[in-house]
Amino acid sequence: MGDPAYEMYRQATLGDVDFITGDYLAEVNLANNAKAWRQGQHPGYENTAWEGLKQTIDVIAEMGIRVIINRGALDPKALALKVQALFSQKGHNLTVAYTSGDDLYPELGPNMPTTREGLEHLDSGNPSVIPSDLTYAFLEAEEAVPMISAHAYLGARGIVDGLRRGADIIICGRVADASPVIAAAWFWHGWSETDYDFLAGSLIAGHLIECSAYELDNLVMPGFPIAEIAYDGSCVVTKHPGTQGFVNVDTVRCQFLYELQGDVYLNSDVSAFIGHVLVEDVGKDRGSPPPPTTKLAVFYEGGFEAELLLNATGYATSHKWALLEKQVRYLLPKSVLDAVETLESQTVGIPAPNPAWQLESTTYMRVFIAARSQETVAAVTSVFQQISLRHFSGFHSSLDSRTALPKPFLAYYPALVEQSKLKERINFVDNGVVSRSYETGHPPEYEALTVRHSYDPEVKVSSNPTISCHQSRTSMRLGDIALARSGDKGSNLNFGIFVLKPAHWDWLRSYMTISRMRSLLGSDDRESFFIERVEFPRIQAVHFVVYGILGRGVSSSSRLDGFGKGFADYIRDKIIEFPTCLI
């Protein structure tokens with residue numbers, strides 16, 4: 001979303017490429033503008049794609065580069081018509097098409113369902129997952145809760161059909177992140193829709209380049225990646241020569257572990273079994289038919305939220321924060337407390353011992369409030385006015401108090417939708433109109449979803465002869481021997497960690513158990529969190545999914561790190577006892 005438009009031009013001009021793909025959409029992008037678009041107050045597409053195409057159009061035409069992007073967002077037709085008009089103005093003979101069928105708001109809206117069965121939750125098939133109190137918050141409302149948007153994650157099928165019918169530029173709405181890359185390889189190599197092993201490989205290739213530049217250390221402007229996909233689905237990840245950053249085994253492993261679901265990676269076209277993925281010069285994956293359902297991102301009017309950032313300095317800070325919480329709870333009427341959905345006080349930082357300057361001695365308390373009504377949130381924030389002259393010594397806050405005012409927020413509800421019920425089409429535009437349109441059909445077969453794998457290692461660290469060479473241990477940070485990556489999957493957080501030396505693999509897999517993950521979570525752990533664990537032995541990685549830790553997820557998470565991006569380095573900063581003989 002935030003990438004500068006000129007990055008498309010750089011990818012087109014710094015070396016030889018056949019396709020430029022773009023994944024511009026996070027879950028919340030569509031919802032942020034949906035209401036304004038339906039009221040005619042927003043163009044429906046994201047402007048940086050338009051700017052990028054304007055800068056790159058002559059190169060695309062000259063070099064014969066095909067472009068597949070999902071920046072069409074809410075209205076891919078509008079962007080497709082605009083791009084086609086630009087081609088005509090420039091005198092380029094290029095064919096533009098767009099996909100449709102992902103927007104299910106007309107069928108499911110305008111309000112959220114009134115029962116759980118009305119819209120099946122994404123994690124409902126896992127009996128071990130306990131829904132949080134806020135998962136079905138919309139069912140508790142006294143009045144109908146307006147739905148903001150509902151978009152199904154489409155696969156590559158429609159894009160491939162468009163390429164086969166001659167499209168040079170395809171503008172998509174909500175297709176899955178890797179779908180543009182899958183489509184490029186599927187079309188290029190002439191695969192059939194049941195070449196699941198090949199499709200699975202291209203799914204991983206798309207995953208490896210869909211959401212990151214590649215870097216190590218503190219490089220300023222790392223280059224964006226390129227996937228060279230072979231006929232068998234294996235790929236080489238690279239970047240244009242002369243651009244900053246590194247593409248190596250470690251950076252690719254980090255990206256591979258980003259936002260995984262476990263050892264099966266689901267897509268609308270294929271299910272990729274990735275437990276034996278190999279990252280070296282060439283890696284191969286295995287695949288099977290896709291599941292009968294696909295993800296449906298639903299947003300609704302969640303109510304109102306506010307947050308306050310308060311400061312305390314130095315001596316007895318923990319007692320100061322405890323006093324503040326006690327005052328707030330004392331002053332809030334029970335009727336307000338009962339109406340509040342979320343009221344959390346989060347202490348950020350620890351005062352340094354013997355501080356050298358005041359900022360070293362200062363910590364934040366982040367007070368986060370959410371409720372259905374604006375009045376309830378305002379009632380909580382007004383309490384702080386009542387203690388404004390009877391607070392702890394040294395109380396102060398930001399001069400900008402705008403965040404303390406209640407503001408509406410969008411709540412996220414990840415759901416499932418039957419693929420067979422989707423009505424996907426590929427549409428071609430010419431001279432300002434849709435000139436032809438085709439149904440793209442559905443996968444020829446499905447394979448039902450099963451409960452995901454989750455297991456601890458068979459061998460514990462104390463009984464493993466390869467890491468019990470002697471009893472000596474050395475204290476160090478976990479990050480000194482391991483790299484990691486984390487991210488969000490709605491209300492769930494994924495975390496993958498791997499060692500740099502094969503000799504450390506037995507130690508890592510024995511050490512990083514489910515119970516160890518809970519202990520590393522510390523005070524963040526809750527009994528209701530279900531934790532999945534799998535291993536990727538060929539890249540020396542252990543992977544976890546912590547269900548429910550991000551609350552409702554995305555724009556409605558109360559956590560400071562609401563997308564889970566900083567979680568990996570939090571865990572890597574933990575002090576561990578490592579076998580001295582392995583150092």
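Everything numeric in this text was worked out from a predicted model, so none of it was measured.

Enquirer: Just to check I follow, could you spell out the packing of aromatic side chains for this structure?
Expert: Between two aromatic rings, the relevant description is the distance of the centres plus the angle of the planes. What the rule picks out here adds up to 18 aromatic pairs. When the centroid spacing of 5.5 Å and the interplanar angle of 70° are considered together, the rings of F392 and F395 count as edge-to-face. Look at F392 and you get buried, because its relative accessible area is 4%. By relative accessible area, which is 22% here, F395 ends up partly exposed. Ring geometry for F495 against F544: centres 6.3 Å apart, planes inclined by 25°, an arrangement best described as stacked. In this pair, F495 sits in strand 20 (residues 492-499) while F544 sits in strand 22 (residues 541-547), placing the two residues 49 residues apart along the sequence. Neither residue differs from the other here; F495 and F544 are each classed as buried. A network of ring pairs unites the aromatic residues Y136, F138, Y300 and Y413 as a single cluster.

Enquirer: Is there a simple way to explain the pairing of strand 2 (residues 66-69) in this structure?
Expert: The side chains of a regular strand alternate, residue by residue, between the two faces of the sheet. Alignment of strand 1 (residues 19-22) against strand 2, held across four bridges, turns out to be parallel. Within strand 2, the position partnered with I20 by the bridge is V67. Across three bridges, strand 2 lies against strand 5 (residues 169-171) in parallel orientation. Bridging from a neighbouring strand, I68 pairs with I170 of strand 5.

Enquirer: Would you mind going over the pattern of salt bridges with me for this structure?
Expert: On inspection of all chains with the given rule, the structure shows 22 salt bridges. Note that K54 is salt-bridged to E51, the shortest N-O span being 3.4 Å. Within this pair, K54 and its partner E51 are both found in helix 3 (residues 47-63), separated by three residues, close to a single helical turn. What makes E51 partly exposed here is its relative accessible area of 27%. Taking the shortest distance from any N to any O, the salt bridge between R366 and E307 comes out at 2.8 Å. Of the two residues, R366 sits in strand 13 (residues 362-371) while E307 sits in strand 11 (residues 293-313), which places them 59 residues apart along the sequence. On the accessibility criterion, R366 (5% relative accessible area) is buried. Taken together, the salt bridges that share partners define one network made up of D456, R509, R533 and E535.

Enquirer: How do you make sense of the side chain of R157 when you look at a structure like this?
Expert: Topologically, R157 is positioned in helix 6 (residues 157-164). Among the residues examined, R157 registers a relative accessible area of 11% and is labelled buried. Of note is the side chain of R157, whose polar atom sits 2.5 Å from the side chain of E193. Setting aside anything within four residues of it in sequence, one finds R157 in contact with W186, E193, D269, T440, G441, H442, P443 and P444.

Enquirer: What's the story with the environment of A482 in this structure? I'm lost.
Expert: Here A482 lies in strand 19 (residues 482-489). Here the alpha-carbon distance between A482 and D161, two residues 321 residues apart in the chain, equals 43 Å. Apart from residues lying up to four places away in sequence, A482 is in contact with I497, F498, V499 and R572.

Enquirer: So what exactly am I meant to see when it comes to helix 4 (residues 76-90) here?
Expert: Side chains three or four residues apart in an α-helix point the same way, a direct result of the helix having 3.6 residues per turn. Here helix 4 spans 21 Å end to end across 15 residues, near enough to the 21 Å set by a 1.5 Å rise per residue. Turning to helix 4, its buried residues are P76, L79, A80, V83, Q84, L86 and F87. Down the axis, helix 4 shows its buried residues gathered within 155° of arc, on one side only. Structurally, helix 4 contributes buried residues whose contacts are with helix 3, strand 3 (96-100), strand 5 and strand 16 (425-430). G91 lies just past helix 4 and shows a positive phi near 80°.

Enquirer: What should I look at first to understand the nonpolar core in this one?
Expert: Across soluble globular proteins, you tend to see nonpolar side chains buried next to one another. Of all hydrophobic cores here, the largest spans 74 residues; its most connected members are F256, L296, V298, Y413 and F536. If you tally residues by element for this core, the top one is helix 8 (residues 196-209), at eight residues. The residues contacting L296, other than those within four sequence positions of it, are L104, L108, L119, A150, H151, A152, Y413, P414, A415, L416 and V417. Formed by 30 residues, the second largest nonpolar core is a distinct cluster that contains I481, L520, V542 and F578.

Enquirer: Explain unusual backbone geometry to me, please; I cannot follow it from the model alone.
Expert: Among all residues except glycine, the phi angle is most often negative; among peptide bonds, the trans geometry is most common. Here the amide bond leading from G109 into P110 is cis, since omega sits at 5°, within 30 degrees of zero. With respect to the helices, strands and loops of the structure, P110 is situated in the loop between helix 5 (105-108) and strand 4 (147-152). One non-glycine residue, A73, lies in positive phi territory at about 50°. Among the secondary structure elements, A73 is positioned in the loop between strand 2 and helix 4.

Enquirer: Teacher, can you tell me more about a nonpolar patch on the surface here?
Expert: Residues L309, V348, Y364 and L560 make up a contiguous nonpolar surface patch of about 340 Å² in total accessible area. Owing to a relative accessible area of 35%, L309 belongs among the partly exposed residues under this scheme.

Enquirer: I'm lost on the sheet that holds strand 19 in this one. Help?
Expert: The strands that make up a sheet are held in pairs by hydrogen bonds between backbone atoms, and each pair lies either parallel or antiparallel. In spatial order, the strands read 19-20-22-21; together these four strands make up an open sheet with antiparallel pairing. Looking along the sheet, the strands with just one partner apiece sit at the ends: strand 19 and strand 21 (530-536). Within the sheet, the average angular offset between the axes of one strand and its neighbour, ignoring direction, is 15°. Bridge count for strand 19 against strand 20 is eight bridges, and the pairing is antiparallel. Bridge pairing links L483 to F498 in strand 20. Of the strands in this sheet, strand 19, strand 20 and strand 21 touch helix 9 (residues 249-256), which is tilted by about 25° from strand 19. In this fold helix 14 (residues 514-521) packs onto strand 20, strand 21 and strand 22, with an angle of close to 120° to the strand it touches most, strand 21.

Enquirer: Can you walk me through the packing of helix 7 (residues 179-189) against helix 8 in this structure?
Expert: The geometry of a pair of packed helices is captured by two quantities: the angle between their axes and the separation between those axes. Direction vectors running N to C along helix 7 and helix 8 enclose 135°, while the axes themselves pass 8 Å from each other. Comparing their axes, helix 8 and helix 7 come out oblique. For the pair helix 7 and helix 8, the crossing hand works out as right-handed. Along its contact with helix 7, which presents V181, I182, A185 and W186, the element helix 8 presents L199, S202, L203, A205, G206 and I209. Across the contact of helix 7 with helix 8, the residue classes break down as eight nonpolar, two polar and no charged.

Enquirer: In this structure, what is going on with helix 1 (residues 6-13)? I would like to understand it.
Expert: Among all positions in helix 1, only E7, M8, Q11 and A12 are buried. All buried residues of helix 1 lie within an arc of 140° about the axis, which places them on one face of the element. Lining the buried residues of helix 1 we find strand 1, helix 3, strand 2 and strand 6 (225-229).

Procedures and definitions
- Residues numbered from 1 in each chain as written.
- Predicted model: local features only at pLDDT ≥ 70, side-chain atom pairs only at ≥ 80, totals over all residues.
- Heavy atoms only, no water.
- Phe/Tyr/Trp six-rings, centres within 6.5 Å; stacked < 30°, edge-to-face > 60°.
- Buried < 20%, exposed > 50% of the residue type's maximum accessible area, 1.4 Å probe, protein only.
- Helix = DSSP H or I, 4+ residues; strand = E, 2+ residues; numbered from the N terminus.
- Pairing = 2+ DSSP bridges.
- Salt bridge = Lys/Arg side-chain N within 4 Å of Asp/Glu carboxyl O.
- Polar contact = N/O pair within 3.5 Å; in protein donor to acceptor, adjacent residues only side chain to side chain.
- Contact = heavy atoms within 4.5 Å.
- Expected span 1.5 Å × (residues − 1).
- Arc of directions from axis to C-beta.
- Core = buried A, V, L, I, M, F, W, Y, C linked by side-chain atoms within 4.5 Å.
- Patch = residues over 30% accessible without salt bridge, like charges linked within 9 Å, V, L, I, M, F, W, Y side chains within 5 Å.
- Areas by Shrake-Rupley, 256 points an atom, 1.4 Å probe, with all protein chains shown as cover.
- Axes fitted to C-alpha atoms, helices over the stretch in contact; angles between N-to-C directions.
- Parallel < 35°, antiparallel > 145°, perpendicular 65-115°, else oblique.
- Left-handed = near helix turned anticlockwise from the far one by under 90°.
- Nonpolar A, V, L, I, M, F, W, Y, C, P; charged D, E, K, R; others polar.

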